[in-house]
Amino acid sequence: MKKMNCIFYIIACSFLLSGCQPMPDEVAENMKRYNDDRRLGDIQLDAEFIRYDNLKEDIEHALSDKYQNLIVPETISTIYPDIVELPVFKIIHRFCERENEVMCDFWGEDIWRQEQDLWNEHVLFDEKKGYYAAIEDRGFVCQIKPAAFNDMFENPGTCIAELRLPQDMLPACQYTLIGGGYTVIQAVEFVNNWFETVWSKYEPGFTFEVSKVNIYQKSDGNCYFTFDIIQLYKGIPLDDMAYMPFEENAEGNLVCKYTVAKKFIKMYECDSIDLFTNSTGIITLESSDSALSDCYGLHAGLQRIEQEFSGFQNIEVSDIELKYMLQPVYNPDNDENFNSPGIQIIAKPVWCIYVDGKIVSGMQQNLNTQKFINISLEDGVLEYQLE
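Cut-offs used in this document
Residues numbered from 1 in each chain as written. Predicted model: local features only at pLDDT ≥ 70, side-chain atom pairs only at ≥ 80, totals over all residues. Heavy atoms only, no water. Helix = DSSP H or I, 4+ residues; strand = E, 2+ residues; numbered from the N terminus. Buried < 20%, exposed > 50% of the residue type's maximum accessible area, 1.4 Å probe, protein only. Contact = heavy atoms within 4.5 Å. Areas by Shrake-Rupley, 256 points an atom, 1.4 Å probe, with all protein chains shown as cover. Axes fitted to C-alpha atoms, helices over the stretch in contact; angles between N-to-C directions. Nonpolar A, V, L, I, M, F, W, Y, C, P; charged D, E, K, R; others polar. Disulfide = S-S within 2.5 Å. Arc of directions from axis to C-beta. Salt bridge = Lys/Arg side-chain N within 4 Å of Asp/Glu carboxyl O. Phe/Tyr/Trp six-rings, centres within 6.5 Å; stacked < 30°, edge-to-face > 60°. Pairing = 2+ DSSP bridges.

Caption draft 1: Examining the overall build of the chain more closely. For the chain, the count of helices and strands is eight helices and 23 strands. Evaluated residue by residue, the chain yields a buried proportion of 53% over its 387 residues. Considering only contacts in the chain between residues 6 or more positions apart, those separated by 24 or more positions represent 71%. Counting only carbon and sulfur atoms, one obtains 46% of the accessible surface of the chain, whose full area is about 18,000 Å².

Here is the structure:
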């Protein structure tokens with residue numbers, strides 16, 4: 001039982017490990033003072049809203065312009081989707097009814113048959129053989145195989161490379177995993193294919209891609225890979241940054257304004273998902289009846305940031321994404337929380353402007369450590385996390 005509790009602790013803390021690098025002292029102090037002392041004022045700009053058909057030209061204009069206090073990269077992660085829908089998602093319910101299917105997909109029928117007697121209230125813990133699994137009705141899944149299970153109680157090794165996709169070129173060299181040599185290219189292809197052929201049936205209507213790979217080397221010379229997975233709806237990523245501020249509702253209860261779609265994998269053996277967790281569960285599409293015809297332009301957004309944060313100097317924009325923030329709709333008075341089974345999730349398209357030198361995600365990300373400014377494509381509302 002002690003070791004099982006340790007697993008829960010390790011998994012929970014893994015999401016709280018920060019990989020952020022500190023910002024320059026002057027910028028950090030300015031940002032802290034801004035968070036403490038200022039509120040966004042009304043700023044009138046020309047052509048704030050544009051026809052969505054003109055989005056590509058607006059982005060090109062935004063990136064080619066010069067700003068007094070912003071350093072903007074020449075290329076960014078933003079894509080140009082043909083349409084930006086305004087979907088409503090919901091968290092799945094009664095997912096435990098599919099536990100046999102899930103376990104067979106992760107472990108295979110033979111291993112699941114051998115381990116099934118240890119299954120108790122949707123949790124399995126086999127300390128002797130090194131298997132762990134947990135499933136919840138909201139679609140939360142945690143699966144751990146022996147290679148990853150044993151490693152959870154040892155030194156994790158040294159991270160020898162951090163790779164972001166598609167920005168970084170993947171190395172072609174082989175790394176020694178359990179079972180032989182394996183390249184990062186092979187590993188990414190395997191994981192992406194696994195989501196397409198296996199996991200996609202649990203979250204239909206979405207696509208999944210590896211967004212980050214970390215390579216670790218252990219003291220015995222063997223390596224393992226970790227993967228952050230982004231979830232996309234019609235080409236637009238869902239937020240996975242763990243920006244989860246709490247606000248007080250009309251009844252005086254604290255409610256979480258946003259939730260995330262996060263998935264994380266470890267691979268110790270070639271062609272193997274040795275650890276999987278999706279933290280906030282599974283979401284499905286409930287409706288998508290409208291799309292943006294006009295949107296708040298990126299160029300106007302950067303101009304607005306330039307004016308609103310005029311007291312700052314040399315704010316480096318690491319990247320810019322068009323993505324969906326995920327707003328849960330729930331009532332704490334009904335014993336609901338932000339990831340209760342069956343609640344609605346409103347997708348809010350935003351420009352996400354990362355404003356520090358390093359993008360942090362997945363298991364290495366701390367709650368509210370990623371510094372960014374969001375601007376809503378629907379109404380231009382600005383939100384930020386700058387501490």
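From this point, things continue past the structure.
Caption draft 2: Broad picture of the packing of helix α3 (residues 55–64) against helix α8 (residues 298–308). It is the contact of α3 with α8, at a shortest axis distance of 7 Å, that shows an interaxial angle of 35°. Contacts from Asp58, Ile59, His61 and Ala62 of α3 reach α8 at Leu298, His299 and Leu302. Among the residues making up the contact of α3 with α8, the classes are represented as four nonpolar, two polar and one charged.

Caption draft 3: Structural view of the environment of Leu377. Take Leu377: it is sitting in the loop between β22 (372–376) and β23 (382–385). In this structure Leu377 touches Phe49, Leu292, Asp294, Cys295, Tyr296, Leu322, Pro349, Val350 and Trp351, once residues within four positions along its chain are discounted.

Caption draft 4: Fine view of the state of the cysteines. Applying the stated criterion across every chain, the model contains zero disulfides. Cysteine Cys223 shares no disulfide, and the gap to the nearest cysteine sulfur, in Cys173, comes to 9.1 Å.

Caption draft 5: Expanded view of the side chain of Lys263. Here Lys263 is to be found in strand β15 (residues 263–267). The exposure class assigned to Lys263 is buried, which follows from its relative accessible area of 4%. Apart from residues no more than four positions distant in its own chain, Lys263 is found in contact with Phe195, Trp199, Glu203, Phe208, Phe227, Asp228, Ile229, Gln231, Thr277, Asn278 and Gly281.

Caption draft 6: Looking closely at α3. Three or more residues of α3 are buried, namely Leu55, Asp58, Ile59, Ala62 and Leu63. Down the axis of α3, the sector holding all buried residues measures 130°, keeping them to one side. Taken together, the buried residues of α3 touch β1 (49–51), β18 (294–296), α8, β20 (319–329) and β21 (344–354).

Caption draft 7: Summary view of the pattern of salt bridges. Under the definition given, this model contains 17 salt bridges. Here Glu247 ties to Lys257 by a salt bridge, and the two come within 3.6 Å at their closest N and O atoms. Linking Glu247 in strand β13 (residues 246–248) with Lys257 in the loop between β14 (254–256) and β15, this pair joins segments that are 10 residues apart in sequence. Using a relative accessible area of 38% as the deciding quantity, one classes Glu247 as partly exposed. When its relative accessible area of 18% is taken as the criterion, Lys257 is described as buried. Overlapping salt bridges, with partners in common, bring together Arg98, Glu101, Asp105 and Lys201 in one network.

Caption draft 8: Quick look at the packing of aromatic side chains. Per the stated rule, a full pass over the model turns up 24 aromatic pairs. Both rings, one in Phe89 and one in Tyr233, keep their centres 5.5 Å apart while their planes meet at 80°; by these two values the pair is edge-to-face. Highlighted residues: Phe89 in strand β3 (residues 88–91) and Tyr233 in strand β11 (residues 223–233), separated in sequence by 144 residues. Judged by its relative accessible area of 0%, Phe89 is buried. Taking relative accessible area as the criterion, Tyr233 reaches 3% and is therefore assigned buried. Taken together, the ring pairs in this structure connect Phe95, Phe106, Trp194, Phe195, Trp199, Tyr202, Phe208 and Phe276 into an aromatic cluster.

Caption draft 9: Inspection of the pairing of strand β9 (residues 180–183) at higher detail. Strand direction decides the pairing type here: strand β8 (residues 174–177) and β9, joined by four bridges, are antiparallel. Bridge pairing in β9 links Gln174 to Thr183. Connecting β8 to the antiparallel partner β9 that follows it, the hairpin turn spans two residues, and Gly179 within it adopts a positive phi of roughly 105°.

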